[in-house]
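Structural description and commentary
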Amino acid sequence: MTRTRTVKAEITKKVNGYGISRVEELKVDLDGNLYGQILVFYDVCLEEGEGDCIESFKTMKAAEKYCREN
């Protein structure tokens, strides 16, 4: 598994009591240096983004759908 490091995370939307956080990550080499393209994920968190992360998606649309259906 490739090691990554979060470089930026912010709550971008609140849907149905969940918070959707946009998370940007970069790969880390063996020396701890960051490299490569920015990887973007959308994490669904409890308590409007202040609680635990319960699911992660590649697109905002998929994250919003999960929030509306649950």
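Coordinates for the structure precede this section.
I will try to describe carefully the structure that is included in this document. What you see is a predicted model, and the numbers here were worked out from it, not measured in a lab.

Its place among the elements puts Thr-59 in the loop between strand S4 (53–57) and helix H1 (60–69). The exposure class assigned to Thr-59 is partly exposed, which follows from its relative accessible area of 41%.

A separate point is the nonpolar core. Val-15, Tyr-18, Ile-20, Tyr-42, Val-44, Phe-57, Ala-63 and Cys-67 form the largest nonpolar core, which has 8 residues in total. Those elements that provide at least two residues to this core are strand S2 (18–28), strand S3 (34–45) and H1. Setting aside anything within four residues of it in sequence, one finds Phe-57 in contact with Phe-41, Tyr-42, Val-44, Ala-62, Ala-63 and Tyr-66.

All right, on to the sheet that holds S2 then. Pairing is antiparallel across the open sheet formed by 4 strands, whose spatial order is S1-S2-S3-S4. Looking along the sheet, the strands with just one partner apiece sit at the ends: strand S1 (4–15) and S4. Across this sheet, the average inter-strand angle for adjacent strands is 30°, counted without regard to direction.

Calculation criteria
- Residues numbered from 1 in each chain as written.
- Predicted model: local features only at pLDDT ≥ 70, side-chain atom pairs only at ≥ 80, totals over all residues.
- Heavy atoms only, no water.
- Helix = DSSP H or I, 4+ residues; strand = E, 2+ residues; numbered from the N terminus.
- Buried < 20%, exposed > 50% of the residue type's maximum accessible area, 1.4 Å probe, protein only.
- Core = buried A, V, L, I, M, F, W, Y, C linked by side-chain atoms within 4.5 Å.
- Contact = heavy atoms within 4.5 Å.
- Pairing = 2+ DSSP bridges.
- Axes fitted to C-alpha atoms, helices over the stretch in contact; angles between N-to-C directions.

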